[in-house]
Amino acid sequence: MAIVERRTIYRHLMFLFVVVVLGHILVLANPGYFNHDEWQKYDHVTTHGLAHFVDAYARVSVGSEFGYPVRPLPFVQQGLSSLFMVELPVLVHAIDVLIHLAVVLLFYGLLRLGGIEAGRSLVAAAVFSLSALSVFSTAWVGASMDRWYTFFSLCSFAGVLLVFRAGWEWRAVAFVATAAVAAILSKETAIMLPAATALLAGYLCLQPGHRSRWKWASAAVAASALPVLAYLVYRWPALQASMELPSGPYSASLGNVVPNAVAYFAYPFMPRAIEMVSMSLLPKWEWAMGIAIHAVLIVLVLRRFGVAALVAYLGAYFVFLAPLLVSPSLGAHYLYASGLPMALVLALLPRHESSSDRLVVVFTVTAGLVLVMHGQSIQGGLYRQGQCQFTFLSSATPQAKALIAGGATMVRVEGEPGAMTYVALRATFGRELYAPGGAAAMRIDGEPPGATEASLLMRKDCSVQALRLQIPQP
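Residues numbered from 1 in each chain as written. Predicted model: local features only at pLDDT ≥ 70, side-chain atom pairs only at ≥ 80, totals over all residues. Heavy atoms only, no water.

**Regarding the overall build of the protein chain**
Scanning the protein chain for helices and strands turns up 19 helices and four strands. Computed over C-alpha atoms, the radius of gyration of the protein chain comes to 24 Å, within 12% of the 23 Å expected from 2.2 N^0.38 for 474 residues, which places it in the range of a compact globule. When burial is assessed residue by residue, the protein chain has 52% of its 474 residues classed as buried. For the protein chain, the share of sequence-separated contacts (at least 6 apart) that also reach a separation of at least 24 residues comes to 77%. For the protein chain, the computed accessible surface area is about 20,800 Å², with 68% contributed by carbon and sulfur atoms. The average position of the 31 basic charges and that of the 24 acidic charges among the side chains of the protein chain differ by 11 Å. (Helix = DSSP H or I, 4+ residues; strand = E, 2+ residues; numbered from the N terminus. Rg over C-alpha atoms; globule rule 2.2 N^0.38 Å. Buried < 20%, exposed > 50% of the residue type's maximum accessible area, 1.4 Å probe, protein only. Contact = heavy atoms within 4.5 Å. Areas by Shrake-Rupley, 256 points an atom, 1.4 Å probe, with all protein chains shown as cover. Lys, Arg positive; Asp, Glu negative; His and termini not counted. Charge placed at Lys NZ, Arg CZ, Asp CG, Glu CD.)

Put into structure tokens, the structure is as follows:
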């Protein structure tokens, strides 16, 4: 590798480091967290110790149903992160941003390995790093598994590229298999890795000069499939139980496919959409805008690169979403891997070969800016929730403990109009400290307080104040 090229790569990697860090300032500055998932892990570690947590969460077990999480690698990382949740939230969030940075740098390296010119590889990696599709997972400690399985999936893709670019053959196949093991131990969504690997290998085999590599490419696809098949065989009883569930958060239905696909298709270009569960509340024109921008994007891919590229893009965008399309639940963090193909086409589309290309440049730049602005909007929304959570827990927990110690059996938290009581619910859900009989037992809104309940009022600034305490006289 020429010295000039190495220097270019180093400059690009340093640039991406700066973009990721500065582009996630609100994530790093967040004093709180998004959900109860990370707090429940914190409770486990502080109550039973890290060793007990690792023993409980790092096991590979069948589970009662397929929604039961078997994700030992990210769970161990989350357990380690939980050690610093109270004293050093900036370190906890920095770990998540660091994992995202690793994916961004690997993505850049993968594009260079695939023959994409340095400038466009840099643009694609930079767009992905700030994309609305990557932010939610990065800002949510409990969603680190989406980053982990994407990282190992990219490693698997690198092995496929090495078959074509370096002729590594059996070494590349072994590398693909190893990466597939790590991916499936990061999140169940990696069951789609063989399909994604086959999509990449098939597209490469269609390129001139690459068809002779189809045997080793097929071996690489098989190498990615074997660990996944072994995993599915092991967890088949859980998978079968999930398919038989009549209802619930993991019950599958083909009726969910179309509405879910439309939501995932529109989300990137709907700047006010933060959590996908509330997307339905947004006006129809925002949905139309999100769908229209993405639709124009795929038309441009077809026009410039052809049918094979269009199939590859749509396949890459939806391949890891496929198992989730039948689910009744939507999640923005599920889109993390989908941000990779979108960032790539936004980097590849602009050309300056004719006057009509200027319109393509204007569109892709505009679409990229909307995508990045949406990412910053998501960051802002999660920062406000984290700040609210920090304020609520800091204010409510000591007051609730004092009220319980004073004779109340439960503390009811009421919200004044406009108060973010859903943040309070997420912060306390499923935690022993706040459950009935806990030292700070509380419930958020609900029925009027009983005779042995105290009441706290949650204000719009997320602080709380005591309202009343009724304790029956002996």
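So much for the structure itself; the text now carries on.
**Examining the packing of aromatic side chains**
Evaluation of the coordinates by the stated rule reveals 14 aromatic pairs. Geometrically, the ring pair formed by Tyr317 and Phe318 is edge-to-face, given 5.1 Å between the ring centres and 75° between the ring planes. As far as the burial class goes, Tyr317 and Phe318 line up, both buried. Among the aromatic residues, those joined into a ring-pair cluster are Tyr33, Trp39 and Tyr42. (Phe/Tyr/Trp six-rings, centres within 6.5 Å; stacked < 30°, edge-to-face > 60°.)

**Side note on the pairing of strand 1 (residues 410-415)**
Pairing of strand 1 with strand 3 (residues 453-458) involves six bridges; the strand directions are parallel. If you follow Val411 over to strand 3, its bridge partner there is Ala454. Sheet topology note: the strand 1/strand 2 (residues 442-444) ladder contains three bridges and is parallel. When the sheet's bridge partners are listed, Val411 is paired in strand 2 with Met442. Between the parallel elements strand 1 and strand 2, the chain passes through helix 19 (residues 421-428) in a crossover that is right-handed. (Pairing = 2+ DSSP bridges. Right-handed = clockwise from strand over helix to strand, strands pointing away.)

**Describing the packing of helix 9 (residues 144-165) against helix 10 (residues 170-184)**
Running from N to C, helix 9 and helix 10 cross one another at 170°; their axes reach a closest spacing of 8 Å. Taken as axis vectors, helix 9 and helix 10 run roughly antiparallel relative to one another. Residues Tyr149, Phe152, Ser153, Cys155, Ser156, Ala158, Gly159, Val160, Leu162 and Val163 of helix 9 pack against Ala172, Phe175, Val176, Ala179, Ala182 and Ala183 of helix 10. Split by residue class, the contact of helix 9 with helix 10 holds 13 nonpolar, three polar and no charged. (Axes fitted to C-alpha atoms, helices over the stretch in contact; angles between N-to-C directions. Parallel < 35°, antiparallel > 145°, perpendicular 65-115°, else oblique. Nonpolar A, V, L, I, M, F, W, Y, C, P; charged D, E, K, R; others polar.)

**Here's the deal with the pattern of salt bridges**
Counted by the stated rule, this structure contains eleven salt bridges. Between Arg412 and Glu414 there is a salt bridge, with the nearest N and O atoms lying 2.8 Å from each other. Taking relative accessible area as the criterion, Arg412 reaches 9% and is therefore assigned buried. Between Arg459 and Glu416 there is a salt bridge whose closest N-O contact spans 3.5 Å. Of this pair, Arg459 sits in the loop between strand 3 and strand 4 (464-469) while Glu416 sits in the loop between strand 1 and helix 19, and the two are 43 residues apart along the sequence. Each of the salt bridges in this network shares a partner with another, and the network as a whole consists of Arg71, Glu188 and Arg235. (Salt bridge = Lys/Arg side-chain N within 4 Å of Asp/Glu carboxyl O.)

**Describing the nonpolar core**
As a rule of thumb, soluble globular proteins bury nonpolar side chains together. One finds Phe107, Phe136, Tyr267, Phe320 and Met342 to be the most contacted residues of the largest nonpolar core, which totals 107 residues. Counting residues per element, this core draws most heavily on helix 9, which supplies ten residues. With sequence-adjacent residues up to four places away left out, Phe107 is seen in contact with Ala124, Ala125, Phe128, Leu154, Leu340, Ala343 and Leu344. By size, the runner-up hydrophobic cluster in this structure holds 32 residues, among which are Phe392, Met442, Ile444 and Val464. (Core = buried A, V, L, I, M, F, W, Y, C linked by side-chain atoms within 4.5 Å.)

**A look at the confidence of the model for the protein chain**
Per-residue pLDDT for the protein chain has a mean of 91; in total, 92% of the residues score no lower than 70. Contacts for the low-pLDDT stretch residues 470-474, under 50 throughout, to residues beyond four places or in other chains number ten contacts. (pLDDT = per-residue confidence, 0-100.)

**Brief notes about the environment of Pro194**
For Pro194, the location among the structural elements is in helix 11 (residues 193-205). Owing to a relative accessible area of 16%, Pro194 belongs among the buried residues under this scheme. In this structure the C-alpha to C-alpha distance between Pro194 and Leu226, which are 32 residues apart in sequence, comes to 8.7 Å. Pro194 has contacts with Val221, Ser224, Ala225 and Val228, leaving out every residue within four places of it along the chain.

**Brief notes about helix 9**
For an α-helix the count is 3.6 residues per turn, leaving residues at separations of three or four pointing the same way. Here helix 9 contains 22 residues, and its C-alpha end-to-end distance of 31 Å stays within 8% of the 32 Å for a straight helix at 1.5 Å per residue. Counting buried residues in helix 9 gives 19 out of 22 residues, a clear majority hidden from the surface. (Expected span 1.5 Å × (residues − 1).)

**Quick notes on the environment of Ala94**
Examined against the element boundaries, Ala94 turns out to sit in helix 6 (residues 89-113). For the pair Ala94 and Thr138, spaced 44 residues apart in the sequence, the C-alpha separation amounts to 9.7 Å.

**Digging into the environment of Glu432**
Within the secondary structure, Glu432 is located in the loop between helix 19 and strand 2. Looking at Glu432, the relative accessible area reads 68%, which means it is exposed. Each C-alpha atom, one on Glu432 and one on Asp43, is 8.2 Å from the other, the two residues being 389 residues apart in sequence.

**Quick look at a nonpolar patch on the surface**
On the surface, a cluster of nonpolar side chains totalling about 470 Å² of accessible area is made up of Leu80, Leu83, Phe84, Leu88, Val90 and Leu91. Relative to the helices and strands, Phe84 resides in the loop between helix 5 (72-82) and helix 6. For Phe84, a relative accessible area of 31% puts it in the partly exposed group. (Patch = residues over 30% accessible without salt bridge, like charges linked within 9 Å, V, L, I, M, F, W, Y side chains within 5 Å.)

**Quick notes on the side chain of His12**
Checked against the element boundaries, His12 lands in helix 1 (residues 3-23). Judged by relative accessible area, which is 13%, His12 ranks as buried. Polar side-chain contacts of His12 include one of 2.8 Å to the side chain of Tyr108. Among all residues touching His12, those that are not within four sequence positions of it are Tyr108, Ala118, Gly119 and Leu122. (Polar contact = N/O pair within 3.5 Å; in protein donor to acceptor, adjacent residues only side chain to side chain.)

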